[in-house]
Every structure is written in C-alpha cells, then in structure tokens.
Amino acid sequence: MATVEDAARIALELPDVTEGERHGNRTWSVAAKAFAWERPFSKADVKRFGDATPPDGPILAIRVEDLSEKEAVLAANSRGFFTIPHFDGYAAVLIQLKQVGKRALREAIVDGWLACAPPKVANEFLNR
C-alpha cells in the first residue's frame, strides 16, 4: 500500500522536480509541467459513479506520454489504476494509492515525469 508521502518522496527524488499546490492539492512538476498531483473526486465525479462506490482513499493523477499509452496502462488491468469520464481525452491515469504497491507507483511516477521532462533532462536521467 502506497501513500501520498511515498508519492512525494519518489517524485522529489527525480531531477528538477518542484512541489507546489494547484486547486488546493499537492502537485509535482518538471519544467513547469505537472506530472503528478493529488486528485480527490469532485461532487460531479462522485455523481458520475452512479450506484457504484467510487474508489476511496487518496487518489493520485499521473501524466502518461499520450492517449495510446493511457490505453495500454489501463488495458494492463493493474490493480489500483483507473480513469474517470472527466479524464476522457486527457493523457493521464488515476491511481488509488491504497491499492497499489510502491514499485508500481514508482514506475508510474517516473513514466509521468519522463512524459513531461525536457528531452535533455530525461535523456540524462535515463543514461545514468
């Protein structure tokens, strides 16, 4: 089980990451591009779940390279990874932190960072 603090630690270990706040939620960015952020459900999100119970606990949004990558991540049916209608057409996935292990969280955060990092910074990271 992962926590928001685990996500913060993982994100802040990556090069050139800043932590800030957007819409009252913790957000991690590289080169002024958010790649991970806390994403509680809005009233509209909850309403869209209808009779289904929304995932509980802390939710993290993570950027992915593009919509094809998003489809691949979701098709893998990894525990804790999902999306909602609000994210249709947007290259990001949601993670129910209490359902995901730290290794899977790390991989998702690094992939999100790579999707947003400047090419030079990303290549230096990958080549070290």
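This text gives an overview of the structure that appears in the document. No experiment lies behind these values; they were computed from the predicted model shown.

**Here we look at the nonpolar core**
In globular proteins that are soluble, nonpolar side chains generally tend to be buried together. Formed by 31 residues in total, the largest nonpolar core has its most connected members in W28, F35, L105, I109 and W113. Contributing elements (two or more residues each) for this core: α1 (4–12), β2 (25–30), β3 (33–38), β4 (59–63), β6 (92–96), α4 (102–116) and α5 (119–127). The element best represented in this core is α4, accounting for 6 residues. Once residues lying within four places of it in the same chain are set aside, the contact partners of I109 are A7, I10, A11, L14, F35, L60 and I62. Grouped together as the second largest cluster of nonpolar side chains are 9 residues, F82, I84, F87 and A92 included.

**Observations concerning the packing of aromatic side chains**
The full count for this structure, using the stated rule, is 5 aromatic pairs. Plain terms: the ring middles of F87 and Y90 are 5.8 Å apart, the flat faces sit at 70° to each other, and that makes the pair edge-to-face. Ring geometry for W113 and F125: centres 5.0 Å apart, planes at 65°, overall edge-to-face. With W113 in helix α4 and F125 in helix α5, the pair connects residues that are 12 residues apart, well separated along the chain. Each member of the aromatic cluster is reached from another via a ring pair, and the members are W37, F87 and Y90.

Thresholds, definitions, all that
- Residues numbered from 1 in each chain as written.
- Predicted model: local features only at pLDDT ≥ 70, side-chain atom pairs only at ≥ 80, totals over all residues.
- Heavy atoms only, no water.
- Core = buried A, V, L, I, M, F, W, Y, C linked by side-chain atoms within 4.5 Å.
- Buried < 20%, exposed > 50% of the residue type's maximum accessible area, 1.4 Å probe, protein only.
- Helix = DSSP H or I, 4+ residues; strand = E, 2+ residues; numbered from the N terminus.
- Contact = heavy atoms within 4.5 Å.
- Phe/Tyr/Trp six-rings, centres within 6.5 Å; stacked < 30°, edge-to-face > 60°.

Spatial relationships are all this shows, so hold off on functional conclusions.
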